[in-house]
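# Observations on the three-dimensional arrangement
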Amino acid sequence: MLKSWNIGHRSGSGAFWPALRNHSFQPSDGFVVQQIGAGSEALLQYRNHLEACYCIRGEGEVEDMDGNVFPIRAGDIYVLDKHDRHYLRGRKDQDLILVSIFNPPLTGTERHDLNNKSGSQY
């Protein structure tokens, strides 16, 4: 079955929208569409999932814990294959839209805690 989702625009800057899930997409599908707000930053780690992300719109960057910064642009894919702790940032003037694939798939109960100083982990 064909599933579609219209990625809308959000107002404000600096907001991190970790997983915008439309009812037509279920976490058990193995992926989520994420919209990272312009100018936002989040420290993340997926302890129970490996993650690959494909950028479909916008620009941003991933920074590993060694300080290596990897730019992300539409058409790029990045893979976190060792449960890597990392910063994910949206560029100051535009949102970053990613399709994130998780293995094993998310169950739907996972939630980011962006107030945790050690980073959001699940």
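Residues numbered from 1 in each chain as written. Predicted model: local features only at pLDDT ≥ 70, side-chain atom pairs only at ≥ 80, totals over all residues. Heavy atoms only, no water.

As a further point, take the overall build of the protein chain. Counting its regular elements, the protein chain contains zero helices and ten strands. Put simply, the protein chain runs from its N terminus to its C terminus through helices and strands in the order β-β-β-β-β-β-β-β-β-β. For the protein chain, buried positions account for 40% of its 122 residues. When contacts within the protein chain are restricted to residue pairs at least 6 apart in sequence, long-range pairs at least 24 apart make up 68% of them. When the accessible area of the protein chain is evaluated, it comes to approximately 7100 Å², of which 49% is carbon and sulfur surface. (Helix = DSSP H or I, 4+ residues; strand = E, 2+ residues; numbered from the N terminus. Buried < 20%, exposed > 50% of the residue type's maximum accessible area, 1.4 Å probe, protein only. Contact = heavy atoms within 4.5 Å. Areas by Shrake-Rupley, 256 points an atom, 1.4 Å probe, with all protein chains shown as cover.)

The next thing to look at is the confidence of the model for the protein chain. In this model, the protein chain carries an average pLDDT of 75, and 65% of its residues clear a pLDDT of 70 or more. Counting interchain partners and residues more than four positions distant, the pLDDT-below-50 stretch residues 17-24 has 26 contacts. (pLDDT = per-residue confidence, 0-100.)

Along the chain, the position of Gln-35 falls in strand 2 (residues 31-36). A distance of 2.6 Å separates the side chain of Gln-35 from the side chain of Asp-95, its partner in a polar contact. (Polar contact = N/O pair within 3.5 Å; in protein donor to acceptor, adjacent residues only side chain to side chain.)

One finds Ile-72, Tyr-78, Leu-88, Leu-96 and Leu-98 to be the most contacted residues of the largest nonpolar core, which totals 16 residues. Among the elements that take part in this core, strand 9 (residues 96-103) stands out by supplying three residues, more than any other. For Tyr-78, the residues in contact, after removing those within four places along its chain, are Glu-51, Ala-52, Cys-53, Val-62, Ile-72, Leu-88 and Leu-98. (Core = buried A, V, L, I, M, F, W, Y, C linked by side-chain atoms within 4.5 Å.)

This brings us to unusual backbone geometry. Omega for the bond connecting Asn-103 with Pro-104 falls within 30 degrees of zero, at -5°, which places this linkage in the cis form. Mapped onto the elements of the fold, Pro-104 is located in the loop between strand 9 and strand 10 (120-121).

Side-chain alternation along strand 7 (residues 77-80) places Tyr-78 and Leu-80 on a buried face and Ile-77 and Val-79 on a face that remains uncovered. Pairing analysis gives four bridges linking strand 4 (residues 50-57) to strand 7, with the strands arranged antiparallel. Within strand 7, the position partnered with Glu-51 by the bridge is Leu-80. (Pairing = 2+ DSSP bridges.)

Another aspect to go through is the pairing of strand 6 (residues 69-73). As judged from the five bridges shared by strand 5 (residues 59-64) and strand 6, these two strands associate in the antiparallel manner. Paired with Gly-60 across the two strands is Ile-72, which belongs to strand 6. Here strand 5 folds back onto strand 6 in antiparallel fashion, the turn holding four residues, of which Gly-67 has a positive phi close to 90°.

What follows deals with a nonpolar patch on the surface. Together, Tyr-54, Ile-56, Ile-77 and Val-79 give the surface a local cluster of nonpolar side chains, amounting to about 380 Å² of exposed area. Mapped onto the nonpolar patch, the elements with two or more residues apiece are strand 4 and strand 7. Tracing the backbone shows Ile-77 in strand 7. For Ile-77, a relative accessible area of 57% gives the class exposed. (Patch = residues over 30% accessible without salt bridge, like charges linked within 9 Å, V, L, I, M, F, W, Y side chains within 5 Å. Salt bridge = Lys/Arg side-chain N within 4 Å of Asp/Glu carboxyl O.)

Here we come to the environment of Glu-41. The residue Glu-41 is located in strand 3 (residues 41-45) in this model. Residue class for Glu-41 comes out partly exposed when judged on its relative accessible area of 47%. Placed 19 residues apart in sequence, Glu-41 and Gly-60 show a C-alpha to C-alpha distance of 9.6 Å. Separated by 2.5 Å, the side chains of Glu-41 and Arg-89 make a polar contact.

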